[in-house]
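As a plain string of letters, each chain reads:
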Amino acid sequence: QITPNLNQAILSISASGFVPNSATITAGGTITWSNDSAVTSNVSSAPHPAHTDYPPLNLGDVAPGASVSLTFPEPGTYYFHNHLNPGQFGSIIVQ
């Protein structure tokens, strides 16, 4: 049986949103958002437009082909969205 790697996960930013739009990692794990779309995206904490739920998650603009990462030290559920297209959103579950 293969144990999934809960220390890291990669979320693709596509033209239609985040794929997958939710990921589960262990505390101390890292999430990477990779912009695989043709337009600049912006990874920011919920809620839109205040971005106040978890300020470290306000990672800013991500150019096409670029990526950004964040390590989550504490368990919890963290919600994020694309500030430039707020209908695109997701969550990180940290165990």
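Residues numbered from 1 in each chain as written. Predicted model: local features only at pLDDT ≥ 70, side-chain atom pairs only at ≥ 80, totals over all residues. Heavy atoms only, no water.

Draft legend 1. Looking closely at the overall build of the protein. In terms of regular secondary structure, the protein is built from zero helices and nine strands. For the protein, the N- to C-terminal ordering of α and β elements is β-β-β-β-β-β-β-β-β. If one aligns the C-alpha atoms of the protein with their principal axes, the spans along those axes are about 40 × 30 × 20 Å. Taking all 95 residues of the protein together, the buried fraction comes to 40%. Expressed as a percentage of contacts within the protein between residues at least 6 apart in sequence, the contacts between residues at least 24 apart total 50%. Of the roughly 5,000 Å² of accessible surface on the protein, 55% is carried by carbon and sulfur atoms. (Helix = DSSP H or I, 4+ residues; strand = E, 2+ residues; numbered from the N terminus. Buried < 20%, exposed > 50% of the residue type's maximum accessible area, 1.4 Å probe, protein only. Contact = heavy atoms within 4.5 Å. Areas by Shrake-Rupley, 256 points an atom, 1.4 Å probe, with all protein chains shown as cover.)

Draft legend 2. Representation of the sheet that holds strand 2 (residues 17-19). Spatially, the four strands line up as an open sheet ordered 2-1-4-7, and their pairing is mixed. Whereas interior strands pair on both sides, the edge strands pair on one side only; in this sheet they are strand 2 and strand 7 (67-72). Taken over all neighbouring pairs, the strand axes of this sheet differ in orientation by 25° on average, direction set aside. Judged from the six bridges that link them, strand 1 (residues 8-14) and strand 4 (residues 29-35) form a sheet pairing that is parallel. By the bridge assignment, Ile-13 is partnered in strand 4 with Asn-35. (Pairing = 2+ DSSP bridges. Axes fitted to C-alpha atoms, helices over the stretch in contact; angles between N-to-C directions.)

Draft legend 3. Highlighting the packing of aromatic side chains. Applying the stated criterion across every chain, the model contains five aromatic pairs. Between Tyr-54 and Phe-72 the ring centres are 6.1 Å apart and the planes differ by 20°, which places this aromatic pair in the stacked class. Note that Tyr-54 is positioned in the loop between strand 5 (41-45) and strand 6 (60-62) and Phe-72 in strand 7, a separation of 18 residues in sequence. Residue class for Phe-72 comes out buried when judged on its relative accessible area of 0%. The interplanar angle of 55° and the centroid separation of 4.6 Å between the aromatic rings of Tyr-54 and Tyr-78 together place this pair among those described as tilted. (Phe/Tyr/Trp six-rings, centres within 6.5 Å; stacked < 30°, edge-to-face > 60°.)

Draft legend 4. Local environment of the nonpolar core. Residues Ile-31, Trp-33, Leu-57, Phe-72 and Ile-92 are the most contacted members of the largest nonpolar core, which totals 19 residues. Contributing elements (two or more residues each) for this core: strand 1, strand 3 (22-25), strand 4, strand 7, strand 8 (76-82) and strand 9 (85-94). When sequence neighbours within four positions are dropped, the list of residues in contact with Ile-92 reads Leu-11, Ala-23, Ile-25, Ile-31, Trp-33, Phe-72, Gly-76, Thr-77, Tyr-78 and Phe-80. (Core = buried A, V, L, I, M, F, W, Y, C linked by side-chain atoms within 4.5 Å.)

Draft legend 5. Representation of the side chain of Ser-91 within the structure. Mapped onto the elements of the fold, Ser-91 is located in strand 9. The contacts of Ser-91, once residues within four sequence positions are left out, are Asn-21, Ser-22, Ala-23, Thr-77, Tyr-78, Tyr-79 and Phe-80.

Draft legend 6. Layout of the side chain of His-51. For His-51, the position within the fold is in the loop between strand 5 and strand 6. A distance of 3.0 Å separates a polar atom in the side chain of His-51 from a polar atom in the side chain of His-83. His-51 has contacts with Ser-44, Ser-45, Ala-46, Asn-58, His-81 and His-83, leaving out every residue within four places of it along the chain. (Polar contact = N/O pair within 3.5 Å; in protein donor to acceptor, adjacent residues only side chain to side chain.)

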